[in-house]
Amino acid sequence: VGSEMCIRDRYSAEKQLLKAIPKMAKGANHPDLQKCFTDHLAETKEQVARLEEVAKLLEIKPTGKTCMGMEGVIKEGAEALEETGDEAVLDLGIIGAGTRVEHYEMAGYMTAIDLASQMKSTAVVELLQKSLGEEKAAEQKLRMIAGTLMKSTAAAA
């Protein structure tokens, strides 16, 4: 039961992100940040497909649960998109929102992996680990872009 709810939660979260990521890309000012979001959107589509595969392996439906946590994190991100001011500072706010999303996703995937490991479901673990790796890489890219923005802002000052 725990693994079913966890997979449904992940599925809901990723489906919500399919709608939110394009808004983050559109709201970003720096071209690297826009590309980061666009690239991660393609990964997110693959993650949804992977979760559908996991659901088949577990003989469950991936639908039926709304991930309230992701809903809240996305709402916070939407607030960052409504701000006005210096483009670099705004992008740093968007990066902060994106980083919170990635951290939430990493926590969810780690839990799902633990549950799948307990069930001795190697195929499920491998699929989930691939998604976890993508989430970690996306978070690292966001942090690198933040570093670049902070350097350019400091140089301009």
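Structural data are supplied above this passage.
Residues numbered from 1 in each chain as written. Predicted model: local features only at pLDDT ≥ 70, side-chain atom pairs only at ≥ 80, totals over all residues. Heavy atoms only, no water.

Structural notes on the overall build of the chain
Heads up, the condition is: Each helix corresponds to a stretch of at least 4 residues labelled H or I by DSSP, and each strand to a stretch of at least 2 residues labelled E; elements are numbered beginning at the N terminus. To get the radius of gyration, use the C-alpha atoms; to get the globule rule, take the number of residues to the power 0.38 and multiply by 2.2 Å.
A count of helical and extended segments in the chain gives five helices and zero strands. The order of helices and strands in the chain, counted from the N terminus, is α-α-α-α-α. Relative to the 2.2 N^0.38 estimate, which gives 15 Å for 157 residues, the radius of gyration of the chain is 17 Å and therefore close to what a compact globule would have. Overall, the C-alpha framework of the chain stretches about 55 × 25 × 20 Å when taken along its three principal axes.

A few points about the packing of aromatic side chains
The condition is simple: Only the six-membered ring of Trp is used, alongside the rings of Phe and Tyr, when aromatic pairs are assigned; centres must lie within 6.5 Å, and planes under 30 degrees apart are stacked while those over 60 apart are edge-to-face, with the rest tilted. Here, a charge over a ring means that NZ of Lys or CZ of Arg falls within 6 Å of the ring centre while also lying within 35 degrees of the ring normal.
This model, assessed by the stated rule, comprises zero aromatic pairs. The ring of Tyr 109 carries the charged tip of Arg 10 above its face, separated from the ring centre by 5.5 Å.

Overview of helix α3 (residues 68–82)
Counted only if it meets this: One less than the number of residues in a helix, times 1.5 Å, gives the span that helix is expected to have. Buried residues are those whose accessible area, probed at 1.4 Å on protein chains only, stays under 20% of the maximum for their type, while exposed residues exceed 50% and partly exposed ones sit between those limits. This arc is taken over the directions from the axis of the helix to the C-beta atoms.
In this model, α3 (15 residues) spans 22 Å end to end at C-alpha, consistent with the 21 Å of a helix rising 1.5 Å per residue. Turning to α3, its buried residues number three or more, namely Met 70, Val 73, Gly 77 and Ala 80. Summarising the axial view, the buried residues of α3 lie within an arc of 70°, below the 170-degree limit, and thus occupy one face. Pointing more than 90 degrees away from the buried face of α3 are the exposed residues Met 68, Lys 75, Glu 79 and Glu 82.

Focus: the side chain of Glu 102
Applied cut-off: Counting rule for charge: Lys and Arg are taken as positive, Asp and Glu as negative, and neither His nor the chain ends is counted. Counted as salt bridges are all cases of a side-chain nitrogen of Lys or Arg within 4 Å of a carboxyl oxygen of Asp or Glu. Contacts: residue pairs with any heavy atoms within 4.5 Å of one another.
For Glu 102, the position within the fold is in helix α4 (residues 87–118). Salt bridges are absent for the buried Glu 102, whose nearest opposite-charge side chain, Arg 10, sits at 8.9 Å. Not counting chain neighbours up to four residues away, the residues in contact with Glu 102 comprise His 40, Glu 135, Ala 138, Glu 139 and Leu 142.

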